[in-house]
Amino acid sequence: MKKAWLAVASCLLTVSCSSPSTPDCIYNCAPSSSVGNNNLNGNNNHVALTEAQRLALFKYLENQVKKQWGDDDYLQAGKHRYVKYFDGYRTRAHIDFDNGKIYVSTVANYAPQATLKKAIEETLLMPADPSQVDLFSDKSIPLKGKPFLLGQVKDHQNQNIQWPWRAGKYADYLIANKLKTKKLQHGIAYYVEINMVDDHLEQREYQYADLIRQAAKRYDIDEDLIYAVVKTESSFNPYAVSHAGAYGLMQVIPKTAGADVFNLVKNKPGIPTKEYLFDPANNIDTGTAYFYILKNRYLKEVQHPTTKHYSMISAYNGGTGGVLATFDTDRKQAMNDLNQLQPNQVYWALTNKHPKAEARRYLEKVLNFQKEFEAM
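What you see is a predicted model, and the numbers here were worked out from it, not measured in a lab. (Residues numbered from 1 in each chain as written. Predicted model: local features only at pLDDT ≥ 70, side-chain atom pairs only at ≥ 80, totals over all residues. Heavy atoms only, no water.)

**Overview of the overall build of the chain**
Part 1 of the reasoning: What the chain contains, in helices and strands, is 15 helices and five strands.
Part 2 of the reasoning: Across the 376 residues of the chain, 52% fall into the buried class.
Part 3 of the reasoning: Relative to all contacts within the chain whose residues are 6 or more apart in sequence, the contacts with residues 24 or more apart total 60%.
Part 4 of the reasoning: As displayed, the chain offers around 17400 Å² of accessible surface, 47% of which is attributable to carbon and sulfur atoms. (Helix = DSSP H or I, 4+ residues; strand = E, 2+ residues; numbered from the N terminus. Buried < 20%, exposed > 50% of the residue type's maximum accessible area, 1.4 Å probe, protein only. Contact = heavy atoms within 4.5 Å. Areas by Shrake-Rupley, 256 points an atom, 1.4 Å probe, with all protein chains shown as cover.)

**Section: the packing of helix α7 (residues 209-219) against helix α11 (residues 280-298)**
Part 1 of the reasoning: It is the contact of α7 with α11, at a shortest axis distance of 9 Å, that shows an interaxial angle of 30 degrees. In this view, α7 runs roughly parallel relative to α11, as classed from their interaxial angle. Our pair here, α7 against α11, has a crossing hand that is right-handed. Across from L211, I212, A215, A216, R218 and Y219 in α7, the residues of α11 making contact are P280, A281, I284, D285, T288, A289 and Y292.
Part 2 of the reasoning: For the contact of α7 with α11, the residue count by class is 10 nonpolar, one polar and two charged. (Axes fitted to C-alpha atoms, helices over the stretch in contact; angles between N-to-C directions. Parallel < 35°, antiparallel > 145°, perpendicular 65-115°, else oblique. Left-handed = near helix turned anticlockwise from the far one by under 90°. Nonpolar A, V, L, I, M, F, W, Y, C, P; charged D, E, K, R; others polar.)

**With respect to the sheet that holds strand β5 (residues 187-195)**
Part 1 of the reasoning: Spatially, the five strands line up as an open sheet ordered β1-β2-β3-β5-β4, and their pairing is antiparallel. Looking along the sheet, the strands with just one partner apiece sit at the ends: β1 (81-86) and β4 (180-184). Taking each pair of neighbouring strands and ignoring which way they run, the sheet shows an average axis angle of 20 degrees.
Part 2 of the reasoning: Where strand β3 (residues 101-106) lies against β5, six bridges are found, and the strand directions are antiparallel. Residue pairing across strands places K101 opposite N195, the latter belonging to β5.
Part 3 of the reasoning: Taken strand by strand, helix α4 (residues 112-124) contacts β1, β2 (91-96), β3 and β5, and its axis lies near 145 degrees from that of β3. (Pairing = 2+ DSSP bridges.)

**Topic: the nonpolar core**
Part 1 of the reasoning: Counting 98 residues, the largest nonpolar core has Y82, I120, L135, V153, F291 and Y316 as the members making the most contacts within it.
Part 2 of the reasoning: It is helix α12 (residues 305-325) that provides the largest number of residues to this core, a total of seven residues.
Part 3 of the reasoning: Shared between two domains, this core holds at least three residues of each, these being domain 1 (51-197) and domain 2 (201-375). (Core = buried A, V, L, I, M, F, W, Y, C linked by side-chain atoms within 4.5 Å. Domains from an automatic or database assignment.)

**Focus: the packing of aromatic side chains**
Part 1 of the reasoning: Counted by the stated rule, this structure contains 15 aromatic pairs.
Part 2 of the reasoning: Centroid distance F97 to F148: 6.2 Å. Interplanar angle 70 degrees. Geometry classified as edge-to-face. Here the residue F97 occupies a position in the loop between β2 and β3, and F148 occupies one in the loop between α4 and α5 (164-177), the gap between them amounting to 51 residues.
Part 3 of the reasoning: F148 gets classed as buried once you look at its relative accessible area, which sits at 0%.
Part 4 of the reasoning: Taken together through their ring pairs, the aromatic side chains of Y82, F97, F148 and Y239 make up a single cluster. (Phe/Tyr/Trp six-rings, centres within 6.5 Å; stacked < 30°, edge-to-face > 60°.)

**Some words on helix α15 (residues 357-375)**
Part 1 of the reasoning: Its 19 residues place the ends of α15 28 Å apart at the C-alpha level, agreeing with the 27 Å of an ideal helix rising 1.5 Å per residue.
Part 2 of the reasoning: Tucked inside the fold, the buried residues of α15 contact α6 (200-207), α8 (223-234), α12 and α14 (343-352). (Expected span 1.5 Å × (residues − 1).)

**What about the pattern of salt bridges?**
Part 1 of the reasoning: Evaluation of the coordinates by the stated rule reveals 16 salt bridges.
Part 2 of the reasoning: One salt bridge in this structure joins E122 and K118, with 2.6 Å as the shortest N-O distance. With E122 and K118 both in helix α4, this residue pair falls four residues apart, about one helical turn.
Part 3 of the reasoning: Across the salt bridge formed by E193 and K180, the nearest N and O atoms sit 4.0 Å from each other. Note that E193 is positioned in strand β5 and K180 in strand β4, a separation of 13 residues in sequence.
Part 4 of the reasoning: Residues joined by salt bridges that share partners form a network here, namely K59, E62 and K66. (Salt bridge = Lys/Arg side-chain N within 4 Å of Asp/Glu carboxyl O.)

**Thoughts on the side chain of T326**
Part 1 of the reasoning: On the secondary structure map, T326 appears in the loop between α12 and α13 (331-340).
Part 2 of the reasoning: Of the polar contacts made by the side chain of T326, one reaches the backbone oxygen of G322; its length is 2.9 Å.
Part 3 of the reasoning: Aside from chain neighbours lying at most four places away, what touches T326 is A349, L350, K353, H354 and P355. (Polar contact = N/O pair within 3.5 Å; in protein donor to acceptor, adjacent residues only side chain to side chain.)

**Quick look at the environment of R166**
Part 1 of the reasoning: Tracing the backbone through its elements, the reader meets R166 in helix α5.
Part 2 of the reasoning: Of the residues examined, R166 reaches a relative accessible area of 14% and is grouped as buried.
Part 3 of the reasoning: For R166, the residues in contact, after removing those within four places along its chain, are D155, Q157, Q159, N160 and I161.

As C-alpha cells, then:
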C-alpha cells in the first residue's frame, strides 16, 4: 500500500489534478506504454491501471468517504453491491442486489432533501452501461439511454421508472412519506429505502440473455454455465468490483484472464481497461473466452468431459495451478492423477482439498446455480 501512495505522491508532483475531490491524477499517472491497442472503447483517457494505481484508487475513495461518514459507516462497492458517491462524497446510493434493497442517503448539512432528491433521480435513471459511471469518484452520473433499473423498481403508482419526470415524482413521494434519519459519527444521515420488485434478479438476467447466447455460441461454452458464473460472481450486477481487481458481470481480472484473452484469443497487446470490462458485452465475451482457453489450452489434457467441466469451473476462480495443486505439487503428476479419478472423486477433491477455501465453495455454488438454469 505504501508503494501505491508513493505512486500517487509522485503523480501529484507532476500532474495537475482537475479537482481536489476527484482522483483524476491517479488516472493520469497511468503509463503511456499501457495504452497500446488496448484502448478499445475509443476514449484516450481510458488506460490500464497498474496494481499500485488501482490500490490507490480504493484507498483514496476510502479516505474521502470516511471524512464525511466516519469509520463505522464506510461503504464501498463490491461484487453483489453497487455503491456510488456524489456531492463531495456526502451523498451515496447503495444497491444490495442479494436482498433487493436500494438505499439513498446523504449527510449534507445544506438542503439535504434537495440533495437527496437529485441522488434518488440519478440512481433510478443510471445507465445500463456501467462504463459511463465512475464508481471511484463523486462525479455525477450521465443519464443516457435505457435505465439499468428499469423493470427492477416500481414507483408508488406501481409504474416503471424510465423518464426524469417520473423519477422526480417518485423521489418527491419518498422524501415526503419515507424519509428516515440516522445519527452518525459526524452528524445526521437522511435516507430513503426502496424495495426492488420480487423478480429483480430475473429482470437483470433478461437484459443479458442475447449477449450470453452469442458468447456461448461463439466459444462453444454452455449457456447454463455462463448464467451460473454471472450469478455467482455478481448476481447480474454489471457494476461489480472486487479488491482483487476484478470487474463486471463475470468478474474478469485484467492482468490475468483479461490478458490471456487479449493475447491468446483476440491477438491484441496489453490488457483490457476497467472501462472495457465494465461494458456488459465485452465482459461476457471476455469471461466466456477465458473458459474457451481453459477448455482448449490449459485443461485440454483432462480426458473425462465431466471432470473437465469441474476443473474449468474451479480454475475460473482459483486458477489452473490451484486445480492441479489439489492433486500433486508436480503439474504433470497432478494431471495424471486427475485423469485416473472418477468425476465424483475429482469433485470431492476440488470441494474438500483445494488449497483455497473460496475455490472449494465456488465449484459447489456454480454447479448448483447451473442446475437451476438447466431446469428453466
